[in-house]
Amino acid sequence: MRLDKLQAKIKKRSAWQAIDLGCAMASAMFVKLWLLWFSAAACGAAALYIVFDHNAVYTALACWWLKPLWERPLLYVVSRELFAEQVSVLQIGRHWWHIQKNEFWHWLSYRRLLPMRSFLLPIAVLEGLSGKKRQRRSELLLRRFSSAATWLSVSGLLIELCLALALATALALFVPEGSNVNWQYSLLGSDNAVALYIFALLLLAASLVAPFYVAAGFSLYIQRRVDLEAWDIELQFHQLAERAKAKQKRQAQFGSKIGCLLLLVLLSFNSELSGAEDLSSTSEQVETHEDKQYRETGGPERSDSGKLAKQQINEILGSAPFYNTETKTILGQKTEDDDELPGWLIRFAEWLDKHGGFFEALASMLKSLAQFVELTLWLAVLGLILFVLWRYRQWIKEQWQRIHSGKHNEQIDVPRELFGIVLEDKKLPDDVATQALLLWRQQQERAAFVLLLRSSLLVSVNKGCRFKDGYTERECAELVNASLKPALAQSFNQLIQHWQQLAYAHHCCSQQQFEQLCQQHRELWQGE
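Computed from a predicted structure; not experimentally measured. (Residues numbered from 1 in each chain as written. Predicted model: local features only at pLDDT ≥ 70, side-chain atom pairs only at ≥ 80, totals over all residues. Heavy atoms only, no water.)

A.B. asks: Would you mind showing me how to read the overall build of the protein here?
C.D. replies: Along its length, the protein carries 23 helices and 2 strands. By the burial criterion, 30% of the 528 residues in the protein qualify as buried. In the protein, once contacts between residues fewer than 6 apart in sequence are set aside, the share between residues at least 24 apart is 74%. (Helix = DSSP H or I, 4+ residues; strand = E, 2+ residues; numbered from the N terminus. Buried < 20%, exposed > 50% of the residue type's maximum accessible area, 1.4 Å probe, protein only. Contact = heavy atoms within 4.5 Å.)

Right, dumping it as structure tokens:
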């Protein structure tokens, strides 16, 4: 992506300025975008019309649902045109599946109704992200411009409907005034043809809005990336780099011109320089007899005398008073570095370094052993807690029931009387079922049923059933069915059924049935 080729000016913009920029981009290439969208949608609509057996309604719904497929090529073209890259129809056809394949089903299923579709579609089409990366990218982009993207979708839908209505109204204006003919059925002939006509108007309206919708959403996406990645600053750096390169190029061109000029000057004096060199070489070859005699006799002696003089000068400068050596002894703080480590400590350190692997393995083994001991201790503590709970389970259960029943007694008001059975100020025996059987054998069937019902009602009240004064047997049974366990509810329903037969029909159950009711009461109700 070359920012220097960007056709729009990069700067800070609000969401609505970015949408306005997208609309300007769509206006600049409207014909290409409209033809691309309408041709793809029309081909898809024709195929769907055949698939749905010439049903225009189903075809219209399917085309509307597949709008993300028609919008993706438009997004591809706008993104390339923005960076001065021309896209042909052949290139779009060649890259059609590449444009559509990323998250194809996602945008046609649960993301189809997203109101920020045009804003988030470039993540899948242009960046090629999916999964958690796409989710993180979407969350980052939606921190701004999400409301503007939503209103963009709402506005686009309303504009499509208004355009379709305007097109239908424009055609209706051609009908002569005062005509009572139903022109729709006269021209089209059937309900399906009318639906097809409306679908064609909606398709045409959607094709007119789609380029602006896609370009505006893409402009919001670009502006969000400008804010996040500082494209304006990066572009300024690119421009500065281009200026520096241009300046260096001009300097290089100027240097090459100066070099050529100097080369011409040097070539113009070439003949004079060659004559001077011949003259100097001739003068070097001329040598007098006196110079030769001086070099053969006196030269070496003068060289030896110079070396001797230099040696004497260095000896004088190295002795007093030019160079003095003093030795001073001062007291200072003793540091640890001044001490030499004992030999045994050095040897021990070398031995440790040599056998370091053994000690690392030993440390790892001790660490594993410590972890095992820690796990064993935690399991022992957990086992001890479970043993205590199991050992004193009966006592804990009794305390819990006492506290729970105490809470219910404080919070729930016991009704005074239910369907003729008095509940207040009635103390129950310790073994209700045995006492009821005793009453039954004494031919006091009604008293036996009342005792069983009073016990069941009081237990139900303690378990949270909110009985009220005046409740009938049926209302009490419905409340028990909704509040208690199925086994308790079934037992209570059987008891209520036999009680109604005895109280209202004066028909008493058999002794075997009553003994079965007492056994159920002993197992289910007295243990609660």
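A.B. asks: Explain the packing of aromatic side chains to me, please; I cannot follow it from the model alone.
C.D. replies: Each aromatic ring pair is characterised by the separation of its centres together with the angle its planes make. As enumerated under the stated definition, the model contains 10 aromatic pairs in all. Both rings, one in Trp-34 and one in Phe-38, keep their centres 5.2 Å apart while their planes meet at 10 degrees; by these two values the pair is stacked. Within this pair, Trp-34 and its partner Phe-38 are both found in helix α2 (residues 30–51), separated by 4 residues, close to a single helical turn. By way of ring pairs, the aromatic residues Trp-97, Phe-104 and Trp-105 are connected into one cluster. Over the ring of Trp-64 we find Arg-112; its NZ or CZ atom is 4.4 Å from the centre of that ring. Here Arg-112 stacks its cationic end above the ring of Trp-65, 5.5 Å away from the centre of that ring. (Phe/Tyr/Trp six-rings, centres within 6.5 Å; stacked < 30°, edge-to-face > 60°. Lys NZ or Arg CZ within 6 Å of the ring centre and 35° of its normal.)

A.B. asks: What is the right way to read helix α3 (residues 56–65) from this model?
C.D. replies: Residues spaced three or four apart along an α-helix face the same direction, because each turn holds 3.6 residues. Every buried residue of α3 is listed here: Ala-56, Thr-59, Ala-60, Ala-62 and Cys-63. Angularly, the buried residues of α3 cover 165 degrees about the axis, an arc narrow enough to put them on a single face. You can read the cap of α3 off the contacts: a side-chain oxygen lies 3.1 Å from the backbone nitrogen of Val-57, and it is on Asn-55. (Arc of directions from axis to C-beta. Polar contact = N/O pair within 3.5 Å; in protein donor to acceptor, adjacent residues only side chain to side chain.)

A.B. asks: What is the right way to look at the pattern of salt bridges in this model?
C.D. replies: Side chains carrying opposite charge are able to pair once their charged atoms draw close together. Scanning all chains against the criterion turns up 10 salt bridges. For Arg-474, the salt bridge goes to Glu-478, with nearest N and O atoms at 3.4 Å. On the criterion of helical spacing, the pair formed by Arg-474 and Glu-478 is a turn pair, its members being 4 residues apart in helix α21 (residues 473–483). Glu-478 sits in the partly exposed class, given a relative accessible area of 44%. One connected set of salt bridges, linked through shared partners, spans Lys-12, Arg-144 and Asp-227. (Salt bridge = Lys/Arg side-chain N within 4 Å of Asp/Glu carboxyl O.)

A.B. asks: Honestly, the packing of helix α20 (residues 445–462) against helix α23 (residues 511–525) in this entry has me stumped. Any pointers?
C.D. replies: When two helices pack together, their arrangement is given by the angle between the helix axes and by the axis-to-axis distance. Interhelical geometry of α20 versus α23 gives an angle of 25 degrees and a closest axis separation of 12 Å. As far as their axial angle goes, α23 and α20 are roughly parallel. Here the hand of the crossing between α20 and α23 comes out left-handed. Along the contact surface, α20 presents Ala-448, Phe-449, Leu-452, Ser-455, Ser-456, Val-459 and Ser-460, while α23 presents Phe-514, Leu-517, Cys-518, His-521 and Trp-525. Grouping the constituent residues of the contact of α20 with α23 by class yields 8 nonpolar, 4 polar and no charged. (Axes fitted to C-alpha atoms, helices over the stretch in contact; angles between N-to-C directions. Parallel < 35°, antiparallel > 145°, perpendicular 65-115°, else oblique. Left-handed = near helix turned anticlockwise from the far one by under 90°. Nonpolar A, V, L, I, M, F, W, Y, C, P; charged D, E, K, R; others polar.)

A.B. asks: I keep staring at the confidence of the model for the protein and nothing clicks. Help me out?
C.D. replies: As a general rule, the predicted coordinates of low-pLDDT regions are not to be interpreted in detail. Mean pLDDT for the protein: 76, with 74% of residues reaching 70 or above. Residue range residues 296–302 is modelled with pLDDT below 50. Its contacts to residues more than four positions away, or to other chains, number 4 contacts. (pLDDT = per-residue confidence, 0-100.)

A.B. asks: It is not clear to me how the side chain of Ser-138 should be interpreted in this structure. Could you clarify?
C.D. replies: Following the sequence through the fold, Ser-138 ends up in helix α9 (residues 131–141). A polar contact is formed between the side chain of Ser-138 and the backbone oxygen of Arg-134, at a distance of 2.8 Å. Aside from chain neighbours lying at most four places away, what touches Ser-138 is Leu-120 and Ile-123.

A.B. asks: Hey, could you run me through the nonpolar core in this one?
C.D. replies: Soluble globular proteins tend to pack their nonpolar side chains together in the buried interior. Among the nonpolar cores identified, the biggest contains 57 residues, and Trp-37, Phe-119, Phe-218 and Leu-220 are the most heavily contacted of them. Counting residues per element, this core draws most heavily on helix α12 (residues 191–229), which supplies 12 residues. Contact partners of Phe-218, with chain neighbours within four places excluded, come to Met-25, Leu-75, Val-78, Ser-79, Leu-82, Ser-118, Pro-122 and Leu-126. Within the second largest apolar cluster, 37 residues are counted, among which are Ala-436, Phe-492, Trp-499 and Cys-518. (Core = buried A, V, L, I, M, F, W, Y, C linked by side-chain atoms within 4.5 Å.)

A.B. asks: Where do I start with the side chain of Arg-134 in this structure?
C.D. replies: With respect to the helices, strands and loops of the structure, Arg-134 is situated in helix α9. At 3.4 Å, the side chain of Arg-134 and the side chain of Glu-103 are in polar contact.

A.B. asks: Help me understand the packing of α21 against helix α22 (residues 486–503) in this model?
C.D. replies: Where α21 contacts α22, the axes come no closer than 9 Å and their chain directions differ by 170 degrees. Classed by the angle they form, the pair α21 and α22 counts as roughly antiparallel. The segment α21 lies against α22, with Glu-473, Cys-476, Ala-477, Val-480 and Asn-481 engaging Ala-489, Phe-492, Asn-493, Ile-496, Trp-499 and Gln-500. Within the contact of α21 with α22, the residues separate by chemical class into 7 nonpolar, 3 polar and 1 charged.

A.B. asks: When you look at the environment of Leu-439 in this model, what are you seeing that I'm missing?
C.D. replies: Relative to the assigned elements, Leu-439 resides in helix α19 (residues 432–441). Overall, the relative accessible area of 14% leaves Leu-439 in the buried class. For the pair Leu-439 and Phe-449, spaced 10 residues apart in the sequence, the C-alpha separation amounts to 9.2 Å. Ignoring sequence-local partners within four residues, the contact set of Leu-439 consists of Gln-444, Ala-447, Ala-448 and Leu-451.

A.B. asks: Could you clarify how one ought to interpret the environment of Val-461 in this entry?
C.D. replies: If you trace the backbone, Val-461 turns up in helix α20. Relative accessible area serves as the criterion here: at 2%, Val-461 is assigned to the buried category.

A.B. asks: Where do I start with the state of the cysteines in this structure?
C.D. replies: Simply put, disulfide is the name for a covalent bond between the sulfur atoms of two cysteines. Scanning all chains against the criterion turns up 0 disulfides. No disulfide involves Cys-509; its sulfur sits 4.7 Å from that of Cys-508, the nearest cysteine. Assessed through its relative accessible area of 10%, Cys-509 is described here as buried. (Disulfide = S-S within 2.5 Å.)

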